[in-house]
Structure formats: structure tokens, C-alpha cells
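Close look at the chain arrangement
Each chain, letter by letter, is given below.
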Amino acid sequence: MSLDSMLPVAPARVRALVLPVGQITRDRFSSFVQRLNEENVVYLGDITPDPRPNRNMFSPLAFPNGAMFYDLITYVPPPSHLALAPFELYREPLALIAIADGKELENVAFSKRQSANGYAPTMVERNIRTLYQELESLRDAYPKILAHEVLIFDYAPHIDNTIPMPEGIKTIPSVEKSKRTTIKTIMCDISSLLLAEMTTLAKSYEGKTNIDSPGQAPVRSGLNGNSGWASDDANPAARRNSQHAIPSITRSASSSGAGDRNQARMSMPVPFKSLPFGSNSSTPSARPTTPVHRSGLSNPPTTFDDIAGASGSASDATSPDPKSRPDSAGGIKPTTQDKVSVQGFGPGGLNERFRNKGRGRAIILVGSLYLQAGRWTDALKELVEGASIAKSINDHLWHGKALELITICLLLLGWIGVQFQVPTICLPANDKTISSGSKGPDVEEGDIDQPKHLWNLQNILPDLLERIIGLYSRISGEQLPPLPLSESIIRFCTMLTGIHLCDGKLDKKFLDGIVLGKLPTKPLNTSPRLTINPPRVQIVTILFKAFPSSAPEMLTTVDRAIILSGIAGVLGSLGFHRKKAMVVRELVSVLIGGLVEARTRGAAEVGIHPAAGLVALNAMNGHSNGALALELGGGDIEHGIDSFLGLLCKTYGVVNFDDTVRGPSNESRQISDTDEKVIARIHSQSSTRRFGMNNVKINILRACINFSEALPDFNGVLKFSSDLLRTAGSGVAPGPRREDAAPIITREEQIRLATNISKTSGLSQRLGMSHLSAEYWDEFLVRGITMDPLPPTRTPTSHPKSVLPGVTTARTSQDVNPFIYNPFIRADKAAVDKTLVAGETATFRITLQNPYEIDVDIESIKLDAGGADFESSITSTIIGPYRTQILKLTGTPKAAGHLKITGAIVKVRGCRERRFPIFPQAWAADTETKIKGIGLVALEQNKKLPFPGPQLTPDSIGLSVISAQPLVVIKSTTLFQSSVMILEGERQVFSVTLQNLSSTTPADLLLFSFQDSTQGPLQTALTSRDATPAELYEYELILARKQAFRLRKIDDSKRYIAPGGTATFDFEILGKPGLTNGTIQVDYAHLGVPQSEISDNFHTRQVCLDLTITVNASVELSRMDVLPIRGEVPKPIWTRLDAEEPEIESIISDEKHCLLLLDLRNAWPSDMQVTLEADNDIVIQEHILPGNTNRIVVPVPRVYIDDPHTSIPALNPSRQRQFVVSSSKITPEIERGNREAFWYREKILEKLLGSWKTLSGPSRQGTIELRGLRLAPRMIEAIKIDEVGIDVSIENKDEGGDSNNKNNNTVYTDEFAQIRVVITNRTDEPIYPTLRLMPSLCNRPQNVALDFTRKFAWIGTLQQNLPRLGPKDETQVVIGAMALCRGEFDISASVEETRLWKAPPEKNGGRVGGGVGKEGEGGGGGGSAGKKIGRERSETEIMMDAVLGAKERRIWHSRCPCRVFVRDR
């Protein structure tokens, strides 16, 4: 059952005062009270009646279906409430329950003085006797309470020594040992004793001749029923705390009418205004007993009944009920004091009326006792009789009280299902029967399930309640004080609200709600409910009659707060949230004033200055009168006050942190700060920000702050101060456009609020309430997080497995292919910036914003990361006003994996430590046209719709964390200051020592690559489109085979650096032109597995050694030439070769060698010895002085090339295509010449090697760069060997011809000789030759040399067409000749292709005729029949003809003519 004091059945409750006795803690006392509250409804059928015959007036046997409702209170009601008894008996406690803790009986003595009842052997028995003495003391202190009991909870009696319990003390076992009926039995026993003692109370009321109304001064001291409630109140002079003191001045009858009209209640609520709290007295003045004469301002009476009851029934013009009628009391109108009376005894005498008034009031009180005792049928009978008497004598207050109690009796009877008939006294005066045209649904046409008696009660209930309010509000000699009047109106409106929420039907659901406090929680909006009676407008009109007056002397602060909270509760149930907010706003103002007054009074009583605050007051046990009802427990603020103020702020549209009302402190900490929750929170705050008026919101929050400070409620001060800053802020994330993000309150107020939050948080920390904190007021605190790039030496770079040496290619001197992209070159990539190494620190930059004009003190800030384990540093800072500020933080990943930085965890001074997402983009809610919305429903509907503003996306930083890696540095090098001087062609070796700084991780992968100043120009030249193939080949050759740096060959096992160890590596540097600087790059990593087992990418780090290089010239090739050898070689050449002429002549011949002339210049200021080496072990050494140029003649072998027109190759694999031609448009002849020059030059360079060494100064040696050779066509002719060899010789026919003796070319005149021509085919293809011989005279001009017809004769023709000559084959042609005269003749020969040879088409896998290359030697096919070899030929010949021109017939000439010497025999 609900403990709400505003329930309609509250007058039927029995108040029981629950007090602690003995040694007991507050928490256990609260738990024991909670156990009792679970059984606060006691049915009479369960109660054992008292056996005493004089105590059976309220015997439960008379109505077993009834029930007693207990209202267990733990405080003594204030005197202002006790003064309302006996008019409202339920305000007086009738029972006292003292609770003791059974577990403390054995621990400590409850009293140090010895027991008056004798010696107690044990501590438990001594404490039980002490509890009995306390019970006696309570009986003496509260003599008007009917039943006194002491309950010992969690009592465990000793089995061996059972202690007898004195009378009035009961024991209750612990929860584990208790039965379901244990507490119920205790409550039944207390109820039995209470019902028995209520007989005495009822008899005392019946014996009284006069019972005063509330607010009326007693006529005689002994006749006032409220003469004393506790022992201290027996003496009127000692009633210091009484709210109703004996008036010292009684108002005259002449002024009473005007005074009453000034205090008349208005039908509309009193305008809000601040209440002055300077007065120390809140006691209403006592009403005079002198009757009040009718004022002439009242409505004139029109009937006799009106005249008879004019003083009591006529309504004033200012009556709160405009519908009240002069005869609203109904019934017989007896004569009153306003009529002229006859002195003495008789029906119309004063004594008779006085006796009837006392008897009627006593009957009503007995009926009220029956109502509390659960005997509702007896209570109904007594109350009907008392109401009739009160109506007959115009006793308005008691008439109204009787009708109110009758209504409660009828509701309770309907609740238990007992049929009843509505008493006639409850019907309107002009309609004693239930009219069929009354309000409410018709039985025949409405709900047939509703009982007839409930339908009748529902029809008369609204009018009945209005009549009761009219009776309470009448101005007469006795007027009801504002507190009971307002509470009655609120109870009546709660009753009507319950019917309205039950769809206008008084049924079982409604009865359960008003009796047990389980009213329907149907959410209502502002839409009208015209078909439901009573309508909400009528209920609100009645409700605002309970609004308290602004006069402070009429009500105490506590009573005023109770009334306002009751009004607000009814308005909330009806769905009038804005009206409720107005009432709550007034309630806050009342509470603030009362709390400030309580602070002042309480501080004065305990000797503390009021400025010290309430913290010191709450820490003490002293209580003050003003703060008695304002003392709140630890959970009261969180459960009640916070929700109460939060609902007020929500109604006005205050931008709070979260829409949900915060729960207790331990639940409020469980706030989710995920990205989704934060975005939803921002959208909700933006929607709320557009609702309502900002000035009203700010005023409401200021009032909430003042109220929380006056309590004091630290949590409220923190919450509403932050809400005020949040509401005053713009709620945007400003961007480059500089949106106006300034708050709407002044800078001074912002500073005051921030200081208030800081101080309150610090104070709560010192008091041990560390869970209290505010919520930061700006959701866009973190605007960006970026990671600083790692130092180049620490940056890990990801590589695929394919870049590892040995995986795809063989390891070279620099571990990487020089023609493809170097994956280990230094580069700034996004992937590199997103990679961290486990155990190593990275630096992050956090951008924080502060759109307010105050400093934001951040106590701690750290990064929030997900995924891999991550440890962030914690730092503090102060953000200046209205700015963005960048802060540096460091973080260390602890394990490998994926890492995601999603925000920062920030602790602002005074605020909760929470997570803030990253919002880098500018954001502001759309300013849409304001459309009128009715009430809070419009706000709630807008929140349910999709947010209309721009999308809000949080940012994050995705990082990849790799396992721990070594850190390698260059410890030392053998070079001085990392610089070197070298000569062209010289190679120097130096060492570099690497050290692993890591103490745990070795470096098991070491890859070396090099960069130098010559690579850039070469790479640029390679990309040039104008470069010829020969130039491209030269560039690629320099890149691939003439690298400036090279790692000397080492075993792969030595490529390892242990943790903390060192390793030394040797490098070779080559001096070449253009080399000014270079870099040695060492890429290292810890793989942990063999390279072949790597399945995924791996990461490397890089350490670089930059070198400065100076290259000086050594020996330069300034000029060259090639000469053929004709005839005898001069003897100085043999001398320079250091050999004898005959020895060399056997090796060198004009057919196989030519002479190479080289001009070499010594550019180094030191003597040089040059050595040139050629084939056949030809070595030439030359001494060159500094600055001199020497010519060196070197015999080099002539060269035969099968196909000198082959395309120039490419060393770069990416350029290795089938055909590479010059990009420039040149003729085929030039293309053929270029290719011939390229290939013959390459052949010469293969056979020739040059070197030098110094003869003075430091010893240096190197190679001569001979690639500067360039061959002209004349030189090519001297070098090359023709495809067809022609050897002409002559021999005497008689001598048999010694053809081996080339010098035997002597013939004799007139004798036959034979001219032998040997033709050799050196190519791989057959040819069709035509031989032409050409004799001529020696040493004669050309025109004379051919005139030999009479001097030389031959047999046959000089031109002969020869058969096909196969590849690598030779043939001989012999012609007979005769010399006719002496002299010297030259016989030369030439061979011309008769026709071009074409390869026949393939048949059966072979070639018909001759083959190509070795397969075609001998002219046979190379394949077996029926089997196809190779692929079909493409259009190769066509493409070759396009580049080199169409293939033409060739002609070859003999290199040297055959000289014939003719002699006479």
C-alpha cells in the first residue's frame, strides 16, 4: 500500500509512531521499518479480539471484512498538524512502536545505570530490562498514544537460558528464521491492543460537552480536546513549539467580516511571487468564538431558508466556488445565532444548540474512529447521524468532515465488494433520489458490468465533493485552516483524477488505485477528452482552489511545500505538464526560502555562523524546529529531489546531459559514452535546445542551483550548474567559417558557475563522497587526434614477401634489382604513418576546443584505444577561453595487433571522467522554421523522428602494431668523418659497424641497398624518349655493373645482430665521374622464422650512412683509332710488346688481328704505369708522366659476328622485348650501321682490359674506363671478319702447288699455272655465290692496271656462277692461267650473291632444304616425320624489313689480292 498522504483514503489510516530504542544503526532501523511496512494492511478477521468486556466497542468480530491501514511514521508530527485533532484524528499517532536490534543485546550495555528491578545476570537480560524502562519512559512521554510496544528484531533466544519478556516487549526472529505470518502476527497483536484502547478514547469524546474546531481558541481550559498530546504539553505555558498558541487579542465582531473577506479563497490561483521569510511565526491567528454578522456585501437572501441560514450558508462574492448556492448545505435549516434568540432553555435556546453541536461532533469523531478501526458499516451509520445533526445546526466544518468520511466509507465498502446505498444526506437538496439524467454513463446504455451501487456513487460523487469543498470554504465564526482545506481539495481531485484515468468509470481498478495507491499511469497529452466525465478542466478548476495563499503567516514552509507538491502530482497525472511546471517552480521558491531560514535557525542553535553552510549542521545531531521536516536521508535526494527537479527542468526544455532521470549514485556512474550514445545525446540536446525560451530555462536552472545549495545537495549543485552552462552554450562544433559558438550568459556568470562546480566537487571529495561529479557541458571537446610521424630510424615499413632477396632473384651485391623500384628506399607513405612497434612510444596531438569564455582545467587526459593493448600517458592542461588548443600525448602499444584510437578519456576539474569521441568536422544543427507545438508531446515526437540536421560522424585513427623490433644504429666506420677521396676506376674497401640497441630482440634480417649521386641522372636518362638503344644499354650497364657501392661477399649466417651486440660489414666503393655523395641503407627486421616460411608481409626499419665522396681523374682515354695490318708489321711494335719478331709473327697475322691505337693521358699528379691486356696473352705496359699523353698500339684480334644487325639488348627486365628500335626516325642504313658499331665495340671491349697504378705517392690502383671507345665505319671494316672468306692463291702446275706456302707465288712465263680460289661460308645460312676474278697489273694506275689482255691469259671465264654453298661450308674454284710476260700481277676476287636464300616452309616438323643455325647445318631437317617442332613463325621478316630495310643481295671482296711474281725460267 502506498504511503502517499494525498490518497483519498488517508483519513482512514491509523498513524503509528516508530522510534528506535537501544543500540541500533540507521540502516538496520530502516530495514526493520520496511519489514513492518510490508504488513501495514491488517484485516479484522485476522485480529484476536480483546476479552475484556469494557473494551469491545471496536471489536473486530463485528465486521471481519474490514481492514486497518497503518501509516508508519518515524517522526513526531509538527504541532501545526497535531493542532488539527480531533477534527482530523488520523493526524494524531494512536500507536507507538519502539524498535530495538536484537544483535546488539549481547554487544554493549544500553544503559550504564543499574536496573531498578534487581540484578541481571547476563548482558542480554540487563538490556531487556533497560528496554522495558525505555518503554515506560515512552509511555510517560507520550501519554495520549493508546498502544505502546517494543519490538526486538533479529532476536535469537538462548536455548539453555530462556529470558522471560516483560509486558509490552515482543521479539521477532531474523528474516531467515521468520515465517510468512511472523510480522503479520505482530501487527495483529498491536491492532488488538489498539482496538481495545480506542474504546476509552471514544468514550472520552462522547463524554465531552464541547469539541472545538481547528483554528478555534478553547472556551475553557478543560474543554479543549487538544489540551495536551505529550507530557510537555500539559502545561499551556510550556508549549513552545505549538503552532496554535492562545491568542492574546481577540478580534471584534465588527472587524471580523472584513478580515474574513480579505482571506477568502479565490477561484483562480494566486500570482507567483517571492515569499518573505523574515517572520519567525507562521501560526494563523485564532478564530473568535463570537458569531460573525452577515455583511451587507453578501448576496441578499431571497427565501426563508436563506434568511435562516444566512450567516453560514450564504457565499461571499469572493468565494472560491462560483457555483455554490446559499442552500448548498441542504436539509432542514435550523435557526442559528444570527436570529434573535430567547434567553433560557427550550428548543431554540443557546444551551440546546450548544449541546447538539457537542453531541454531533462527538458522533462524528466516533464514526471517524470506527473508520480507522476498519468497521466501515458502523462508521457509515455514525457519520450519517453526525452529518444530519451538523447540518441541522449549520455546523459547516463538521458537516463537511462527516460527508468526506462518508465518501471514504462508501469507497472502502465498494473496494471489499459490499453493496451499499448512498445515504440521503449525500444527495443534493433538490434531488433526494438518483436522477436518471445525472452525469455519467447510463446503466442500460453503458457498462453492464458496473454494479448499481457503484454507478449511483459515481453519479453523485462530483457534486458531493464540490458541496464538501463549499462547506469547508464558508466564511463563518469557524473557518478551516488552509492546510486541511487544501489537502482535502487535493484528495478530492486525486479521486476525480482516478475516475478520469479509468475512462470515467468507478470500477474495481479505480478502487484499488485510491485504496492501495496504485493509480493508473496512463500517459495523457493535451488533446481533449470530451467524452469522459469528470472532465480535466473541471478537475483543474477545483484543484487550483487548493493553491496556498502568498501570505507567509497562513502556512508554514513545510505545509506550503506539501500542498504545492500535491497539486503538482495531480497536474502531472492529468497530463498538464506546463501547469505542473509552474507549480513546481513556485515549490522550488518556497523550499529555497525555507531552507535558508532553516540554515539560519539551525546555525544559531548550535553556535555556528550561517555562512558556514549546512555541512556542519548535518554532521551534528542537533535538530531545529524549522529544519525538522527537511532532514533528508542519503537516498532521499537521489530518489526524490533529483527526479523532482529533473522533471521541472525537462518540462521547460532545459538541455541536460541525458534525458533519463538519473538514479542513485551507484547507478548514475554507469553512463555509456560510446559513439552511438554520444551522437544520440547530441541529437537529443539539439532538439531540446530548440524547445522553449532560453531566458526561462536559465532562470529555472538558477532556482534549481539555489535550491540545491540550500539543502545542501552537492549532486544537484554539480548537475544544475553544468546544465546551466550546457543550456547557455551553442552546442555546435565551430569550423573555419567561425560559427558563433559563444554562450548566451555573461562571462562573470560562467566563471561563477565553473568555480562553484570546482569548489563543490572538492568539498564532496573531502567529505568522502567521491562519486559526486558534474557532467562536462561540451560534447565536442575533442576535435582531432593525429599521430606525429616516427623518426626515420624508427619508422617500420611494410613489404611483401616477394621483395626478399632469394625469393624471386638471386642475391646481388646490393640485395635489390637496380632496374626496378627499390622497395626499401626512404618514402613518406600513409601506411608507414599508421604502423607502430610494440613496446615503443609514439607521440599524438590532440586538438581540444573550448567555446566558453572561461578556462577549462583538465586534471587528466589520456587516449582511448581499442584492439591491441595500449598504454597512454596522462597529462593535465588548461584550455584558454574561446579557442582550440593542441596538446601532445604519448602512447605505447604493449602487444601486436590492430589498434584503433577512438577518442580521449578526459577528467575536467569537478566533472566526471568520461570518454569523448573525435569530431573533426564542423557541425551545427539546422535552424528550421519554428512550428508551433503543444506541450512536451511535440518535443518527444521530434526526438523520435530522424534527426533533420547534418550527419555527425566520429573519427578514429586505425593503427597497425607489429611485434617488437630491434633498433640498429651505426656505431662506427673506418672512414674519416664519413668522407672519402677516390680516383676514377679505383676501388676502396671500408668497414661499417652496426649495433643493436634492443636488449631483447635480435636483428635476423639485414638487407643492404645503396644510393648515389649518379643514379638520379641515369634514371632520368633512361626515361628519355630520345635516347637510342645503344645509349639505353650504356646507362643500364653502368647501373647494373658499375655500381658505386657494393657489399663484399659474406655468408648469410653472418647477417645477424644479437640483442645488444654489434656486427661489422665491409663495403667497396668505385670511383666514377659524377659521384659526389652516396648513402648506404640497411633495412633490418626481426622475422623470427626463416625467410622461406614468411607467409605475410614483413616490416623493416632503416638505418642510413651518408657519405661524401670526391672523385678525381686518373687515366683518361683522349683518342683512339683502329688500323688494319697490311703486310709486315713494323719492328718497333714487336719491341714494345717485349717479344721477338719471329715469335710474335707466328701469333699475329694480318688476317686475324688489327692494330688499336689508344691515346692515354695521366691526369693525376703522380707517375702512372698503365697495363693493357688483350687476347692471346698480349700484355702492354706503359709509363706515363703526370700531365702527359702517350699513344699505345695494341694488336687486337679481329672479330666475326654472325648477325651484326641483331637488336641491341636491354639489361632492364622490363625492357626486354623482342624488338627495340630507336625512337627517332632514321634510315635502315643508319640503323644497320649503329647496330654494327654497337656489337663490334662490345666484342673489342670484351677482349681488352686496361689498368693503372701509381708509381709515386700513396699506392693506388684501378681500372681504365675504356667504354669511351667509339667506332667509325672505317674502323669497323678493319675489325670485322666478313661473312664469306675469299682466299686466292696461284701455283705452278708442274710443281704440284704447295698451297700452304703463301710466299710461293712465283710463276714462269709461258707455263701453265693454276689460280685456286677458296670460298668459305661463315654464316648459318646457305648462299648462292657468283665468283668474279680480277687480274691487274701491280703498281700501275687503274686505267693501265686493267690492260692485261696481252700479258695474262686464262682458261675459261673469270666470272662463274657457283652452286649453293651450305652454312659453315667452303668450296674451291681452280682456273688455269698463263703469264705471257714478266712482271708482277695482282689477282683479286669478289663473291656476289646470285639470289637470296629463303627458308622453305616446314613440313612434318622438319625443314625442307637447309635449316637455320645449327639445326640447318648440312641442309637436312632436324625433326622426325609427323612431329611438329616449335611454334609457327610470326611476321618476323616483315618487321625486320621495316627496321633494317628489305634484305638485298650482298657482295664480298677479297681482303688482300694475290700478288703473282712472273719470272723467266
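Here the structure is shown first, and the text comes after it.
As a starting point, this report considers the structure included with it. These numbers come from a predicted model, not from an experiment.

**Observations concerning the pairing of strand β21 (residues 1005–1012)**
Within a regular strand, side chains alternate between the sheet's two faces. Of all 8 residues in β21, 7 are buried; the element is thus mostly enclosed. Taken together, the 8 bridges between β21 and strand β24 (residues 1077–1085) define a ladder with antiparallel strand orientation. Note that in β24 the partner of serine 1009 across the bridge is glutamine 1081.

**A few points about the nonpolar core**
In globular proteins that are soluble, nonpolar side chains generally tend to be buried together. Tyr70, Ile99 and Phe844 are the most contacted members of the largest nonpolar core, which totals 191 residues. The element contributing the most residues to this core is helix α10 (residues 396–415), with 13 residues. The next biggest cluster of nonpolar side chains, apart from the first, holds 41 residues, and it includes Tyr1033, Val1199, Tyr1240 and Ile1279.

**Things to note about the packing of aromatic side chains**
The geometry of an aromatic ring pair is captured by two quantities: the separation of the ring centres and the angle between the planes. Under the counting rule described, the total for this entry stands at 23 aromatic pairs. When the ring of phenylalanine 87 is compared with that of tryptophan 398, the centres are 5.1 Å apart and the planes differ by 85°; the resulting orientation is edge-to-face. Here phenylalanine 87 is found in the loop between α2 (79–82) and β4 (95–101), whereas its partner tryptophan 398 is found in helix α10, with 311 residues between them in sequence. Relative accessible area serves as the criterion here: at 4%, phenylalanine 87 is assigned to the buried category. Classification of tryptophan 398 as buried rests on a relative accessible area of 0%. Where phenylalanine 1010 meets phenylalanine 1067, the ring centres are 5.9 Å apart and the plane angle is 80°; that geometry is what we call edge-to-face. Separated by 57 residues along the polypeptide, phenylalanine 1010 in strand β21 and phenylalanine 1067 in strand β23 (residues 1062–1070) bring together distant segments of the chain. Relative accessible area serves as the criterion here: at 2%, phenylalanine 1067 is assigned to the buried category. Among the aromatic side chains, those forming a connected cluster through ring pairs are Phe990, Phe1008, Phe1010, Phe1045, Phe1065 and Phe1067.

**Focus: helix α15 (residues 557–574)**
The end-to-end C-alpha distance of α15 is 26 Å, a good match for the 26 Å that 18 residues give at a rise of 1.5 Å each. With respect to burial, α15 is a largely interior element, 13 of its 18 residues being buried. Glycine 575 sits one or two positions beyond α15 and adopts a positive phi of about 90°.

**Let's talk about the pairing of strand β3 (residues 67–73)**
The buried fraction of β3 is high, at 7 of 7 residues. The alternating pattern of β3 places Ala67, Phe69, Asp71 and Ile73 and Met68, Tyr70 and Leu72 on opposite faces, both of which are buried. With 5 bridges connecting them, strand β1 (residues 13–20) and β3 associate as parallel partners. When the bridges of β3 are listed, arginine 13 appears paired with phenylalanine 69.

**Structural notes on the sheet that holds strand β12 (residues 870–872)**
The strand order across the open sheet formed by 4 strands is β7-β10-β14-β12, and the pairing between neighbours is antiparallel. Whereas interior strands pair on both sides, the edge strands pair on one side only; in this sheet they are β7 (782–787) and β12. Here the average twist between neighbouring strands, direction ignored, is 30°. Bridge count between strand β10 (residues 842–850) and strand β14 (residues 883–893): 9 bridges; the pairing is antiparallel. In the strand pairing of β14, threonine 847 is matched with isoleucine 886.

Cut-offs used in this document
Residues numbered from 1 in each chain as written. Predicted model: local features only at pLDDT ≥ 70, side-chain atom pairs only at ≥ 80, totals over all residues. Heavy atoms only, no water. Buried < 20%, exposed > 50% of the residue type's maximum accessible area, 1.4 Å probe, protein only. Helix = DSSP H or I, 4+ residues; strand = E, 2+ residues; numbered from the N terminus. Pairing = 2+ DSSP bridges. Core = buried A, V, L, I, M, F, W, Y, C linked by side-chain atoms within 4.5 Å. Phe/Tyr/Trp six-rings, centres within 6.5 Å; stacked < 30°, edge-to-face > 60°. Expected span 1.5 Å × (residues − 1). Axes fitted to C-alpha atoms, helices over the stretch in contact; angles between N-to-C directions.

On their own, these measurements won't tell you what the molecule is for.
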